[in-house]
Amino acid sequence: MPPLFVDDVVGSFRIQQFESEISRALAENTFLTDDLLRQLMGVGEVDLLVGISSHGDASTTSHTLRAIERSFQQYFTRQRAVIVDVCGGGKDEGGAAAAGLSNVAEKNVRLAESASLRTVHRVTGDFSAPPSPGMALRTILAAADLLRARACAVVSPGTLNLAPDWIANLLRPVYQGKVDFVAPLYTRHKFQGLLARTLLYPMSRAIFGCRIRELYSDEWGFSGRLAAVCLNQDVWHEEPILTRPEAWMAISAISSDFRCCQVFLGQKLQSATGSGTNIVEVFRQTVGNLFWCIESHQSAWLDGERSKPGQTFGPDPELTSEPTDLNRHRIFEMFRSGVTELEPILSSILDLETHAEIKSIVSLEENKFKFASDLWVRTLYDFVASYHHTVINRDHLVQALVPLYRGVTFSFLVEHFDSSPAEMEAVSEGLCLEFERQKPYLKERWKAKVEVKS
Amino acid sequence: MRQTILLSLEQAYSNLVHMIADFLPRFLVMLIIIVLGLVVAFVLKYILRAVLGLTKLDRVSEEAGASRLLRIAHFPSMTGLLSRSIFWVTWFGFILIGLSVLGVAGLQGQISRLLQFLPEVLIGILILFLGLMTANFLSRTALLAAVNAGHPSPRILSWSIRFVIWILAISMTLEELGVARQTVISAFSIIFGALMLGLAIAFGFGGQDLARKSLERYLGNTTKDKDKEPQPL
Amino acid sequence: MARQGDNLWYKDAVIYQLHVRTFCDSNADGIGDFAGLTQRLDYLQDLGITAIWLLPFYPSPLRDDGYDITDYASVHPSYGSLEDFKTFLTAAHNRGIRIIIEMVLNHTSDQHPWFKEARSSRENPKRDWYVWSQTDTRYEGVRIIFVDTETSNWAWDPISKSYYWHRFFSHQPDLNFDNPAVLEALWEVMKFWLNLGVDGFRFDAIPYLVEREGTPCENLPETHAIIRDLRKRLDLAYPGRMLLAEANNWPVDIRAYFGDGDEFHAAFHFPLMPRMFMSVKLEDRKPIIDILEQTPEIPDNCQWCIFLRNHDELTLEMVTDIERDYMYDEYAMDTTMRINRGIRRRLAPMMDNDRRRIELLNGLLMSMPGTPIVYYGDEIGMGDNIYLGDRNGVRTPMQWNGETNAGFSTADPERLYSPVISNAVYGSQVINVDSQKRSEHSLLRWMKALIQLRNSFQVFGRGSIRFLNPSNHRVLAYVRQFGEETVLVVNNLSSSAQAVELDVRRFKGYIPIEMFGRNLFPRLGDLPYLLTLGPYQFYWFQLRQI
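This structure is a prediction, so every number in the text was calculated from the model and none was measured. (Residues numbered from 1 in each chain as written. Chains lettered and ligands numbered in written order. Predicted model: local features only at pLDDT ≥ 70, side-chain atom pairs only at ≥ 80, totals over all residues. Heavy atoms only, no water.)

### Considerations on the overall build of chain B
We apply this condition: To qualify as a helix, a DSSP run of H or I must reach at least 4 residues; to qualify as a strand, a run of E must reach at least 2; elements of each kind are numbered from the N terminus. The contact rule is simple, with two residues in contact once any of their heavy atoms fall within 4.5 Å. Here the Shrake-Rupley method, with its probe set to 1.4 Å, supplies the accessible areas, and only the displayed protein chains count as covering residues.
In terms of helices and strands, chain B carries 9 helices and 0 strands. Mapped in sequence order, the helices and strands of chain B form the string α-α-α-α-α-α-α-α-α. Across chain B, the fraction of contacts at a sequence separation of at least 24, relative to all contacts at a separation of at least 6, is 62%. A total of about 14800 Å² of accessible surface is found on chain B, and carbon and sulfur atoms cover 73% of it.

Take a look at the structure:
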């Protein structure tokens, strides 16, 4: 019998949607396997939890495990601790199969050294294929919540020189109750991490008001309180969370008024399979991710204040300046050709004035080229606002930013090739202040009605 | 003679009256059907709008780029467009049914053919629309990928993809509408085959150097030159 | 219960450690004596213990609680006479209770006639019965045991103007076992007591018998040769008597004292004891598992002796620095509680008078491999007095009732050898034998039931041990097996309820019978066996195959 009234139709559809949501919720709630739950039962309440979030080969993973165990031995001898190795059940780990208790017991690594007072548990996930970073983090957060861990950290086998004191530095401020989120700081080459320095950090600082340089890192620390809050958010099916959840976690902490800090770790050595050099992919995972976070947390920043300095533990991070071999000409050419070829797309994203300015600098000679900070900031804010209004497919929008970033990179390399690390820091700080200064422009664009550009 | 004329007039008048008497009820029924159709069309329009609102179709449409196309064409949003379409289609259908009730000779047959043709028209429009959307999306994807990879001719690549998909969409639309089916299929096959053969010949024989250089350039992009760009993270 | 004439009786024994001075005073002089102890034998028999280890009761200046002996073949007058001892011995044997006494071979009191002779002149025949030197630089680097009071292992004798060697207090000169006469003299002493009927000796300070230059002067091969000699003589002349070694060392070093079954019958497992306390505090079985995995196999006719507390401080010598710091922080925050790298507290105060933890530890004591030794007063949860000097805080009078002097003595309270514990938690008005006898659910009743249960099965004293290592580290589970007897022991070391799944596939088909209540539990099968335990709860399951 077909429904006669609009309300009945809508009502029955709503019921179906609700039931579907329940089924989905139940299915989501069972993302923890029985075997994992059984292992967690055996662990009980812990003070410290360290999660290994990604898949490495046997040698890198065993190095990571050793570093964690040594950290517990040296710095946390009395604390109850557990290592959650999300990818530990994989074949190339040689891990035992999930079935049977003897295998569960074997998964527990007990330290042979008498320096450790307590059993250090190792809980292993048992995914048939390596889980996405988001699923891995979700598993770690769930374990932290179930085990009521006080201080947690996430590390990756991709960091080849992960040291016990690094892990301790990530855990200690949280364990001592000083903060809820700890971001790392590294020694960088002055031209390394330009994306973070020219876009990710200053933009997130200006928008969210908290100064965390390394939003996209492989290791960070957090409290059990923060873990519980993040775990209960309904974001785990979103693509940005599945690929790079760490920035979202930092931004969630900032937006929810959790205490954040940074801790200096040292120089990081990355494995070849770590964060890639495919710039488009990096943009998708970081810039796209950041834009998504800005969109999803808009209620937190639209009325926000200027950024405030946060706590930093350890010495200030250094910038090194060894000689590098960079093809600046090629970068410039890619910028120029990219802006030219993408003109129709850019015209639908950028404000008229911004676009005109960019077209004017494209025509400059290479030796006279300069991408001014204020133009770059305005460009980025145009992009973010267009992302919010979805003027084009969002993935395409993020990709369209790559040539412009290349222009900024070229300008940066040329201007600061001979600059000292201190001068570079001053420039970075200036850029951050420019982002903050132009924040009202972003708000205006954000709230504006969309104009159609043909 | 006068009586004959009067009789004829009387008969003609009577026939007219009968015709009108015979026509009026059908006319009234037609009006009723049309009015009823209007009401049903409105109801369906609002139901569809509510349903599509729950499925967040507008958001999906924005992301797919379809909403932009609609805005360029000064169409309403996807939800509005679909709900208005269903309104007009439904009402038009009822109008046609109403007209068929009139019983005008020859009209019923035409109306019947029109009703049979209507779904194909709608599907054809849908195919064309989807084709345009896909062409737009994929060409832009290719353009961006080519630009960011440093490909020498990104626009050619992008337009090629757009052109191919347009050809495909138009061919499919015409085939759906049944317009010169054989001609369209043959023409499409010839064009597409020729295009592929041409590309094969160009890259395989006549364009060895070009193919080699393109490959080198492509491979160079992925290894040597990428190393000379600073690591973003 | 071991049969009379069973030479392995010590494997089945439950030993009760006491000092005659502390137990019961029969003559109102404020000091416990053998007559009083004899009067209390019914209590001990009722408790279910099968052997008594007596701390030194020999004549002594009592500067080291009797371990400084002046006459090996007599009884200190404060404790009665030799006849009183004989009466006590007979009465104990009549109740099926064996008697183990101290034999301090390593040193005597400086008031002993042997030493008085030895120091009188360098030409005295007994000069060589002790270890002398003109300088204090011999045996350099050897550790000092009583670090809180001694600064050197050499003491200057003003009479003979030379140094003498002492590993313990300076008033306890070490005997020289390089002189065969010393060994013969001590064997004569041993024969004296063996002829009276004692069932065994606890050799005090055994690792330090012999010194050699360039060694730590502990655990030397010559020491083992002496032990083997004594053991051989004992087995020939007095079969069925037992030698118990006090060697505070790592298990692998203690193992040497068993020899090939031709040295000591039994030895204390010192390193296990602090780890039981550590495990309960950490709520983690790791310390216990680690030390038992390091414990080597011993000959079939040998036995470990395990204990929770004794007359000395809870020694923390056989632990790492981290472990020691942890134990101090958890059990001896007040530095008054610390002495000589140990903790001078009793069991109940260390457990904060938590009945559940006291029961758990006693359950571990009675079910782990070895012969358990119960320190007097721990069966009723006696407290301590850390403000008494040395280790006297754990040697206070036994609390028999809530009356004057806790029923220990009818003397004036001021006359007692030590004040009775009188605080609101552990005072004799609260903690005493009489009140606990009247209560059906008292600790004393519970201990009696526990000991009785243990005595019913030989598996605890003689059986093997296999650890099940469930994923829940708060649960310590193991299976004891001996012949047809199989017992599954599951202990929850934590203060919260725990669930544990045990891999018991090798016992598929067995029926667990909970031993205290004799109730049946579901049969063991292929699937993990789920148990839930309350805080500090433990189960003993007899596994029967029917």
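Now, onward.
### Things to note about the overall build of chain A
Filter applied, for reference: Burial classes follow relative accessibility: with a 1.4 Å probe on protein chains only, a residue under 20% of its type's maximum area counts as buried, one over 50% as exposed, and anything between as partly exposed.
A count of helical and extended segments in chain A gives 20 helices and 9 strands. Here chain A holds 454 residues, and 58% of them are scored as buried. In chain A, once contacts between residues fewer than 6 apart in sequence are set aside, the share between residues at least 24 apart is 85%. Counting every atom, chain A has about 18200 Å² of accessible surface; 52% of that belongs to carbon and sulfur.

### Focus: the confidence of the model for chain A
Residue and element names in this part refer to chain A. Using the following cut-off: Per residue, pLDDT measures the predictor's confidence, with a range of 0 to 100.
Considering every residue of chain A, the mean pLDDT works out to 82; 80% of them sit at 70 or more. Here residues 1-6 is a poorly scored stretch, pLDDT under 50, and it has 3 contacts once near neighbours within four places are set aside; other chains count. For the stretch residues 90-114, pLDDT sits under 50, and the model shows 56 contacts to residues farther than four places along the chain or on other chains.

### Details of a nonpolar patch on the surface
Residues and elements named next belong to chain B. Quick note on the threshold: Each patch is built from residues that are more than 30% exposed by relative accessible area and take part in no salt bridge. Like charges join if they lie within 9 Å; nonpolar side chains (Val, Leu, Ile, Met, Phe, Trp, Tyr) join within 5 Å. Salt bridges are defined as contacts in which a side-chain nitrogen from Lys or Arg sits within 4 Å of a carboxyl oxygen from Asp or Glu.
Nonpolar side chains collect at one region of the surface, where L16, I20, F23, L24, F27, L28 and L31 lie side by side and expose about 580 Å² of accessible area between them. When you line up the elements, L24 lands in helix α1 (residues 2-54). The exposure class assigned to L24 is partly exposed, which follows from its relative accessible area of 43%.

### Thoughts on the environment of L81(B)
Relative to the assigned elements, L81(B) resides in helix α4 (residues 78-102). Sequence-wise, L81(B) and V43(B) are 38 residues apart; in three dimensions their C-alpha atoms are separated by 15 Å.

### Structural notes on unusual backbone geometry
Residue and element names in this part refer to chain C. Here the phi dihedral of Y139 falls at roughly 50°; this positive angle occurs in a residue that is not glycine. Topologically, Y139 is positioned in the loop between β4 (132-133) and β5 (154-157). Note on Y139: relative accessible area 8%, which makes it buried. The backbone of C217 shows a phi angle near 60°, a positive value even though the residue is not glycine. Looking at the secondary structure, you find C217 in the loop between β7 (200-204) and α8 (221-237).

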